[in-house]
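Tertiary structure, described
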Amino acid sequence: MNERITRIRALDRKISSLSDAKNIVPAGSSWINMVREAIGMTAIQLAARLGVTQPRVAKMESNEENLKLSTIKKVAEAMGCDFVYYFKPKTTFQDIVQNQAKKRAREILSDVNLNMALENQSIETSEAVQDMADDFINGNTKRIWD
């Protein structure tokens, strides 16, 4: 079996338990605010632990998406937490690779068919797309991202 396919499947299995991690923070809230309030820590207390002002904590909570990862890590530590992040695929990593391989195969075959149609020799695209996609996946996956 192809090592790349094995790695993709392993990654999909690894994050499958995290698939429900979407929208777990209530609308209008942030992780920082949600955790801070859950553990009973005030913004002033968190600010003191971080060496910043309370208004800075309020700004962090309202603008969490734009914080540096290093800042979020410090905030998590100050609240007795570990900060962990990951890339959550919209489907699976296998699907991402398969879909991109098919897309690239269609692009290539479209050009080929355009030339071959002039000679009345166009090829059946659905099988050819799948075959070419499989070749990309089993061979040089990097080519699918051109």
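Shown above is the structure to which this text applies.
All values derive from a computational prediction rather than experimental measurement.

Here is what the cut-offs are and how they apply
Residues numbered from 1 in each chain as written. Predicted model: local features only at pLDDT ≥ 70, side-chain atom pairs only at ≥ 80, totals over all residues. Heavy atoms only, no water. Helix = DSSP H or I, 4+ residues; strand = E, 2+ residues; numbered from the N terminus. Salt bridge = Lys/Arg side-chain N within 4 Å of Asp/Glu carboxyl O. Buried < 20%, exposed > 50% of the residue type's maximum accessible area, 1.4 Å probe, protein only. Phe/Tyr/Trp six-rings, centres within 6.5 Å; stacked < 30°, edge-to-face > 60°. Core = buried A, V, L, I, M, F, W, Y, C linked by side-chain atoms within 4.5 Å. Contact = heavy atoms within 4.5 Å.

So, the environment of Met41
Summarising the element assignment, Met41 is placed in the loop between α2 (31-38) and α3 (43-50). The spacing of Met41 and Met79 is 38 residues in sequence and 8.1 Å in space, taken between C-alpha atoms.

Focus: the pattern of salt bridges
Within the structure shown, the criterion is met by 3 salt bridges. Among the ionic pairs, Arg36 bridges to Glu37, the shortest N-O distance being 4.0 Å. By relative accessible area, Arg36 is classed as buried at 8%. Of the charged contacts, one joins Arg104 and Glu107 as a salt bridge, the two residues approaching to 3.1 Å between their closest N and O atoms. Taken together, the positions of Arg104 and Glu107, both in helix α6 (residues 93-117) and 3 residues apart, correspond to about one turn of that helix. Here the salt bridges share partners, and the residues they tie into one network are Arg36, Glu37 and Glu61.

Concerning the packing of aromatic side chains
Enumeration according to the criterion identifies 2 aromatic pairs in this entry. Centre to centre, the rings of Phe83 and Tyr85 are 6.1 Å apart; their planes meet at 25°, and the pair counts as stacked. Of the residues examined, Phe83 reaches a relative accessible area of 31% and is grouped as partly exposed. Residue Tyr85 is classed as exposed on the basis of its relative accessible area of 51%.

Side note on the nonpolar core
Ranked by size, the top nonpolar core spans 15 residues in total, and within it Val97, Ala101, Phe136, Ile137 and Ile144 carry the most contacts. Elements that contribute at least two residues to this core include exactly α1 (3-16), α6 and α7 (125-138). Broken down by element, the residue count for this core peaks at 6 residues, all from α6. Discounting residues that sit within four places of it in the chain, Phe136 has contacts with Ala101, Arg104, Ala105, Ile108, Thr141, Arg143 and Ile144. Counting residues in each nonpolar core, the second largest holds 13 residues, with Met41, Ala43, Ala47 and Ile72 among its members.

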